[in-house]
Amino acid sequence: KLQWALGESASLEPDPAEWHSFTGTPTVYAIYRERGYDLTITKTVPVDTGFTEPFTITITSTAINRSSYSVEGLGTSTISATPNSDETPGSITFTITDGSAVTLQGMSAGYYTITESGHENHTLSAQVTVGSNDVEAATITDNSSFTVNVNAAAQVALTNTPVYICKVGSNKFYTLSSAVEYIRDYSQDFSGTIEMLTDYVMPSSDAPEIPNYMTVTLTTASSGFTGSGSSAVISRRSTFTTGAMLTNTGTLTLQNIVLDGSNISVKIILPENILL
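These figures come from a predicted structure and were not determined experimentally.

### As for unusual backbone geometry
Positive phi, close to 50°, is recorded for Asp86, a residue that is not glycine. Within the secondary structure, Asp86 sits in the loop between β6 (78-80) and β7 (90-96). Of note in the backbone geometry, Asn143 takes a positive phi value of approximately 55° without being a glycine. Here Asn143 shows up in the loop between β11 (136-137) and β12 (145-150).

Spelled out as C-alpha cells, the structure:
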C-alpha cells in the first residue's frame, strides 16, 4: 500500500493523520544526474636540473559545462572552470609540479584537449589509460597538446624530459650555470667556451654569474645545433621578470648569440671587459 505526505509531515515519523493513500496506480519520476568520470594527471621529471617552477596545464573541451569541479591534489576541494558557450570550448587551468598528481572529478564524457606550458627546454610525452583499456602513448602536437576521449575514468601520465642546452667540449649541460661551474672547476686557467646546442628559455633559477677570474666565450655550436635560426637565442621565461639575467665580472666574449630581453625590465650586467 503506497501513501504520500506533503511538507513537514513527510518526516521520518509523520503524524498518520497527515498521510494519504493513493487512489490509483502511481507514476513516480526520478531525476538522474550524471556523476561523471575522474580524470587524473600525474607529472614526472626524470632528471633533476634544478628547475623548480610549476608546469601549467590547460584543459579545453565542449564537455566542460560547469563553473567548478571537485578536485584532489591541489590543496583545495574545488577548482574554477570556464564553461563552454556558443560552441566555444570550456576550459580549466591549474599548475602541477614534478612528482605530484591532480584528480578532477565529475568530468562529462567527451573529448578533452590537454595543453601544457612552462616546459621550455623539456620534451613532453604522455601515456593515457581510459577505463580498462591498455596504456597508450598520446600523439603530442607542437610539444604541448594532445586529446583524450574520456568515456570512463582516465589517467594521464605526463613526463617532461630535459634537453641539453649547451656543451663545453664533449660535456653537455641542462643549464648555463652548470656549464660555467664546469669551466670553473675543471679548467686550469678558468677559461673555456660554452656552445649553445639549442635556443634557451632561461628560468630565474639559472641566471649564471661569471666571476672576475674567469674568461668565457659564449657561442652557437658549429655542429649539432637545433635552434630555430642560425644563432642561438637566449631569452627569459615569462615568469623571470626581476633580477639579472646574466652577471659578468670576468671576461665574456659573445659570438653568434642573440640575447632576447623580451621587453621585460631585467638587467644583463656586463662591465667594460666584455668583448662583443
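### Some words on the environment of Arg35
Relative to the helices and strands, Arg35 resides in the loop between β2 (20-21) and β3 (37-44). Separated by 73 residues in sequence, Arg35 and Ser108 have C-alpha atoms that sit 8.1 Å apart.

### Focus on the side chain of Thr220
Tracing the backbone shows Thr220 in strand β19 (residues 215-220). For Thr220, the side chain forms a polar contact with the main-chain nitrogen of Ala232, separated by 2.9 Å. With near-sequence residues (within four places) excluded, Thr220 lies in contact with Met196, Phe225, Ser230, Ser231, Ala232, Gln255, Asn256 and Ile257.

### Section: the sheet that holds strand β10 (residues 122-130)
The mixed open sheet is built from 7 strands, whose spatial order is β6-β5-β8-β3-β13-β10-β11. The outermost strands of the open sheet, each flanked by one partner alone, are β6 and β11. With 5 bridges connecting them, β3 and strand β8 (residues 101-107) associate as antiparallel partners. Paired with Thr40 across the bridge in β8 is Thr103.

### A few points about the environment of Thr198
When you line up the elements, Thr198 lands in the loop between β16 (191-196) and β17 (200-202). Along the primary structure Thr198 and Val163 are separated by 35 residues, whereas in three dimensions their C-alpha atoms are 9.0 Å apart. Aside from chain neighbours lying at most four places away, what touches Thr198 is Tyr164, Ile165, Phe225, Thr226, Gly227 and Ala232. There is a polar contact of 3.5 Å between the side chain of Thr198 and the side chain of Thr226.

### Topic: the packing of aromatic side chains
Considering all chains together, one arrives at 5 aromatic pairs under this definition. When the centroid spacing of 5.0 Å and the interplanar angle of 35° are considered together, the rings of Tyr182 and Tyr186 count as tilted. Pair noted here: Tyr182 and Tyr186 are both in helix α1 (residues 176-186), with a separation of 4 residues, about one helical turn. Three or more aromatic residues joined by ring pairs form one cluster here, namely Phe173, Tyr182 and Tyr186.

### Regarding the sheet that holds β7
Read across the open sheet, the 4 strands follow the order β7-β4-β9-β12; overall the sheet is antiparallel. Two strands lie at the open edges of the sheet, namely β7 and β12, each paired on one side alone. If you compare each strand with its neighbour and ignore which way they point, the axes differ by 25° on average. Note that strand β4 (residues 55-61) and β7 share 7 bridges and pair antiparallel. Opposite Ile59, over in β7, you have Ile92 as the bridge partner.

### What to know about the layout of surface pockets
Taken as a whole, the largest pocket holds about 220 Å³ of empty space. If you go around the largest pocket, the residues you meet are Val128, Val130, Asn133, Asp134, Glu136, Ala137, Ala138, Thr139, Thr147, Val148 and Asn149. For the lining of the largest pocket, the class distribution of residues is 5 nonpolar, 4 polar and 2 charged.

### Observations regarding the pairing of β19
With respect to burial, β19 is a largely interior element, 5 of its 6 residues being buried. Examined bridge by bridge, β16 and β19 share 6 bridges and lie parallel to one another. By the bridge assignment, Glu195 is partnered in β19 with Thr219. Bridging between β19 and strand β22 (residues 251-255) involves 5 bridges; their strand directions are parallel. Looking at the pairing, Thr217 lines up with Thr253 of β22.

What counts and what doesn't
- Residues numbered from 1 in each chain as written.
- Predicted model: local features only at pLDDT ≥ 70, side-chain atom pairs only at ≥ 80, totals over all residues.
- Heavy atoms only, no water.
- Helix = DSSP H or I, 4+ residues; strand = E, 2+ residues; numbered from the N terminus.
- Polar contact = N/O pair within 3.5 Å; in protein donor to acceptor, adjacent residues only side chain to side chain.
- Contact = heavy atoms within 4.5 Å.
- Pairing = 2+ DSSP bridges.
- Phe/Tyr/Trp six-rings, centres within 6.5 Å; stacked < 30°, edge-to-face > 60°.
- Axes fitted to C-alpha atoms, helices over the stretch in contact; angles between N-to-C directions.
- 1 Å grid on protein atoms, 1.4 Å probe; cavity = no way out; pocket = protein on both sides within 12 Å on 5 of 7 lines; lining within 4 Å.
- Points joined across faces, edges and corners; volume = space filled by probe spheres on them.
- Nonpolar A, V, L, I, M, F, W, Y, C, P; charged D, E, K, R; others polar.
- Buried < 20%, exposed > 50% of the residue type's maximum accessible area, 1.4 Å probe, protein only.

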